[in-house]
Amino acid sequence: MNAQNPPPPQGGPKPQPQQPQPQQKAEPDKPKGAESAGPPEPDKSDVIGGSAADPLGEEALPGAAAAASRIYRSTVSQHGTGTLISSGSVGTMNFFGRQTAERLLAGPLPEDELRRLRRVFQEPADYGEYREQLRGGRLLVLYGQPGTGRAYTALSLLDDLARGRVSRLDPRTDLDRLEDDQIDEGHGYALEPSATGLPDGPGLDRLCELLGRKEAYAVLLATPEPGDVLSRSGRYYRAHTPAAQTAVLEGHLLLELQDFGPELYERARATALDPDVLEARGLDELRPAEAADFAGLLARHTRDELTHDELLAACRKFAENQAAEWFAGGVRSETPERLRDAAYRIAVAVLDGASLSAVAEAAEILAWELAVTVDPEATPGRPLFSDGVDARLVSARAVAELGTEEVGTEEVPVRTVRFGGEALAPAVLGHLWQHRHNARGPVLRWLAGLCEDTRPQVWVRAAVAAGQLCRLDLSHTVHELVQPMAQAERVRRRVFAATVLDVAVRSPEVGGAIRALVTSWARHSDEQLRWTAGAVLGRGRATDTVRETLDLLGGIGVREDGKLRTDAAVQVAHLAGAHPEAQTVRRIRAWLSDERRPQQDLGLQSTVFLAALPVSDLWNQHEDLEGYGDWPLMLALAAVRPALAAELAGLLWTALLTPRSYEAAIETLSDWLRGSADQPWADRLERFLPLLVHSHDDRNRLLNLIKELTEDPDQPLNDQQVRRLWGAVQGASTP
């Protein structure tokens, strides 16, 4: 084989490999400063960098940018692009589906209500055990969350044993002062105490004795203490297990449609499974009270009393009503225990999908913020053994699942937590922002504090939640949270602010205002605001057109002699991943062809980052790039837009021919060659390399690089890589 076609080098390291030197080529265009001989040493301030493409590169854990962008994409996908709940009054519901609170009223249970009870009641799994305990002990305390069917279970138990002689006691009844003459022979009594609460152990023993003398029965309803589902452990207590959602729903549908025949019943059941209806409902599982109300809505729709849109609107109220119930006012709602419960629900809403430990810790921090807001002189602590995670999950309608979390670049198994329904998180945030103004301060301080957590699983989710809040009150949230973060010295805080704005800009209500804000910041005298604007622009949504975005990024990159050149250039690369169009590639070429040095440098830096940035690091990944994982962005763009392959290669060729970008470009190309072994993009690399060859000098440069990497004593190319890469370069045609 002659000198024009040398054989591929053999494996094995050799000392002091020769460094290839860039050579001059007439086309594609290159900026002034590209030399035909070996490059002179450029001034250090002019050197185009290659390793700063990750603005989070200073984080303690490796892979921070990839983890942050991946979590951002998945979290935004979960939240969707719809607006949050609108303002307005939110009603509560009872088991019968009427707009009144679920509460036992005083007096005998009417006969028609008993008949309805017997027709629709569905026994929960432990119903037989409840009945036997009540039969033998006369007294039963059922504890569980409101809306889980405790009231119907209590009334049904009493109906079974007292044979229809069922009464409800006034919630204000003081059971410690109850006397014999207030209890009728053989009757059953149901009570949900209000302010007086339940008696202690001796008080319950006294009540049991009174009931025994009159051969009567009583079922008392209780809600578990916040954070501890096992706080009630006496012999009278039983945890209430709700009946299955499907059984309750079908029972109520049968009653609602009993006069309309089986055809309408089946149509109502089909509507209940309609994807649009399930999405509007937004809850994985309905509690019995909600299932009953849902049945009423389905029946009305089937009877043409509700349009489809009205049905969907009514279904969206389920999550809104739950949020309103959770944050109902009153003195008791601001005790430390209740505040901790509220904090946990807010933490799940913000960090939905994060690890159980991250949510629990964030909730404790928020509970402290809430407590000192209520009482600035307080020094709140944390309970150690009186607080249970399982009870928190139950009270928050949350689900713990086995998932994974990234630690550095590796995934480890963790227990994650999410709401039992996608509608609950936006409902909680919407209710707080629209109905609980005084909660805004502590919540915003808490969100800002979460940005100090180095785990992307925490701070990225917090930023997405803050973006949702911007949709509800842009002026307040920007003034109190976003702008201070955007002007911060720390990079993560500015990325946080950019993430908030990128989430909120999707909202039709505030998107226009955010675009105007970002445009203003991009031209601002404050360097940090310009940096933050660039980070938003790189996501690809902050302007109406790609051209406007490139104009603004170009202005940021060349201002003050390119002070933010590196930061603007990496956003140009991100923009190319969000909008894989020819316009971005050709704008970079235009900068390279510009006679002004700052524009040339911006083009060179953008080229290097376009080659160095992996697809997995993109914040807003175009759908055509899904599945391209860790591909270098330039190669992925060449794969999804083959018509741009030659132009992309031309940009990298220019960077290789320019002294001040040569080191960064050759380092990136070396990373491609080293990392291509067993990668899905290896074939694309072999097709791309010939596009970098326009002369014999170009071919020799690439062959020398392959030879040098083959002889690398630490990480040599394997023999198969060498043969394939060498053949790809050798086969390239030249003029």
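Figured I'd write up the structure that's included with this text. A quick note: this is a predicted structure, and the numbers were derived from the prediction, not measured.

Turning to the packing of helix α25 (residues 597–612) against helix α28 (residues 659–675), a few remarks are in order. Put simply, α25 and α28 touch, their axes get as near as 9 Å, and they point 10° apart. As summarised for this structure, α25 and α28 are arranged roughly parallel, according to the angle between their axes. Seen from α25, the contacting residues are Arg597, Gln600, Asp601, Leu604, Val608, Ala611 and Ala612; seen from α28, they are Arg660, Ser661, Ala664, Ala665, Thr668 and Trp672. Classifying every residue of the contact of α25 with α28 by side-chain character gives 7 nonpolar, 3 polar and 3 charged.

What follows is about the sheet that holds strand β1 (residues 107–108). Spatial ordering of the open sheet is given by β1-β3-β4-β5-β2-β6, a layout of 6 strands whose pairing is mixed. Two strands bound the open sheet, and with one partner strand each, they are β1 and β6 (237–239). One ladder, built from 3 bridges, connects strand β3 (residues 166–168) with strand β4 (residues 188–191); its direction is parallel. Directly across from Ser167, in β4, lies its bridge partner Tyr189.

For the rest of this paragraph, the subject is the environment of Pro288. Within the secondary structure layout, Pro288 lies in helix α9 (residues 288–302). Separated by 140 residues in sequence, Pro288 and Thr148 place their C-alpha atoms 5.4 Å apart.

This brings us to unusual backbone geometry. One non-glycine residue, Arg397, lies in positive phi territory at about 50°. By the secondary structure assignment, Arg397 is in the loop between α14 (389–395) and β7 (398–407). Residue classification places Arg397 among the buried residues on the basis of a relative accessible area of 9%. The residue Asp561 is not glycine, and still its phi comes out positive at about 55°. As for its placement among the helices and strands, Asp561 is situated in helix α22 (residues 546–562).

When charged atoms on two side chains of opposite charge get close, those side chains can pair. For the coordinates displayed, the defined rule picks out 49 salt bridges. Of the charged contacts, one joins Arg397 and Glu290 as a salt bridge, the two residues approaching to 2.7 Å between their closest N and O atoms. Here Arg397, found in the loop between α14 and β7, pairs with Glu290, found in helix α9; they are 107 residues apart in sequence, far enough to count as distant. Exposure remark for Glu290: the relative accessible area of 8% places this residue in the buried category. The partner of Glu711 in a salt bridge is Lys707, with the nearest N and O atoms 3.0 Å apart. Overall, the relative accessible area of 5% leaves Glu711 in the buried class. Take Lys707: its relative accessible area is 35%, and that puts it in the partly exposed class. If you follow the salt bridges from partner to partner, you end up with Glu256, Arg300, Arg303 and Glu305 in one network.

We now examine the nonpolar core. Counting residues in each nonpolar core, the largest one holds 182 residues, and the members touching the most others are Val350, Trp446, Leu447, Leu610, Trp672 and Phe688. Counting 23 residues, the second largest nonpolar core, distinct from the first, contains Leu142, Ala151, Leu155 and Leu157.

Right, let's get into the packing of helix α26 (residues 633–640) against helix α27 (residues 645–657). Direction vectors running N to C along α26 and α27 enclose 160°, while the axes themselves pass 9 Å from each other. Regarding the angle of α26 to α27, the classification is roughly antiparallel. Contacts between α26 and α27 involve Met634, Leu637 and Ala638 from the former and Ala645, Leu648 and Leu652 from the latter. For the contact of α26 with α27, a count of residues per class yields 6 nonpolar, no polar and no charged.

Counted by the stated rule, this structure contains 7 aromatic pairs. On the numbers, 5.9 Å between centres and 20° between planes, the contact of Trp326 with Phe419 is stacked. Taken together, the positions of Trp326 in helix α11 (residues 317–326) and Phe419 in strand β8 (residues 410–419) put the pair 93 residues apart, joining distant regions of the chain. Assigned by exposure class, Trp326 and Phe419 land together as buried.

Time to look at α11. An α-helical turn contains 3.6 residues, so a residue and the one three or four places further along point in the same direction. Counting buried positions along α11 yields 8 of 10 residues, so the element is predominantly enclosed. Looking only at α11, the buried set comprises Phe318, Ala319, Glu320, Asn321, Gln322, Ala323, Ala324 and Trp326.

Sheet topology places β7 next to β8; 10 bridges connect them, and they run antiparallel. Counted as the bridge partner of Val407 is Glu410 from β8. Linking β7 to β8, which pair antiparallel, is a turn of 2 residues; within it Gly408 sits at a positive phi near 70°.

Glancing now at the environment of Val417. Considering the arrangement of structural elements, one finds Val417 in strand β8. Judged by relative accessible area, Val417 falls into the buried class, the value being 1%.

For the rest of this paragraph, the subject is helix α5 (residues 201–213). Taking 1.5 Å per residue, 13 residues should reach 18 Å; α5 reaches 19 Å between its end C-alpha atoms and fits that length. Along α5, the residues classified as buried are Gly203, Leu204, Leu207, Cys208, Leu210 and Leu211. Buried residues of α5, seen end-on, are gathered within an arc of 160° and therefore sit on one face of the element. Elements that come into contact with the buried residues of α5 comprise α3 (127–137), β2 (139–143), β5 (217–222) and β6. The N-capping residue of α5, defined by a side-chain oxygen 3.0 Å from the backbone nitrogen of Gly203, is Asp200. Phi turns positive one or two residues past the end of α5, at Glu215, with a value near 50°.

Here we take up the side chain of Arg660. Relative to the helices and strands, Arg660 resides in helix α28. A polar contact of 2.5 Å, which involves the side chain of Arg660, links it to the side chain of Asp601.

What counts, and where the lines are drawn
- Residues numbered from 1 in each chain as written.
- Predicted model: local features only at pLDDT ≥ 70, side-chain atom pairs only at ≥ 80, totals over all residues.
- Heavy atoms only, no water.
- Axes fitted to C-alpha atoms, helices over the stretch in contact; angles between N-to-C directions.
- Helix = DSSP H or I, 4+ residues; strand = E, 2+ residues; numbered from the N terminus.
- Parallel < 35°, antiparallel > 145°, perpendicular 65-115°, else oblique.
- Contact = heavy atoms within 4.5 Å.
- Nonpolar A, V, L, I, M, F, W, Y, C, P; charged D, E, K, R; others polar.
- Pairing = 2+ DSSP bridges.
- Buried < 20%, exposed > 50% of the residue type's maximum accessible area, 1.4 Å probe, protein only.
- Salt bridge = Lys/Arg side-chain N within 4 Å of Asp/Glu carboxyl O.
- Core = buried A, V, L, I, M, F, W, Y, C linked by side-chain atoms within 4.5 Å.
- Phe/Tyr/Trp six-rings, centres within 6.5 Å; stacked < 30°, edge-to-face > 60°.
- Expected span 1.5 Å × (residues − 1).
- Arc of directions from axis to C-beta.
- Polar contact = N/O pair within 3.5 Å; in protein donor to acceptor, adjacent residues only side chain to side chain.

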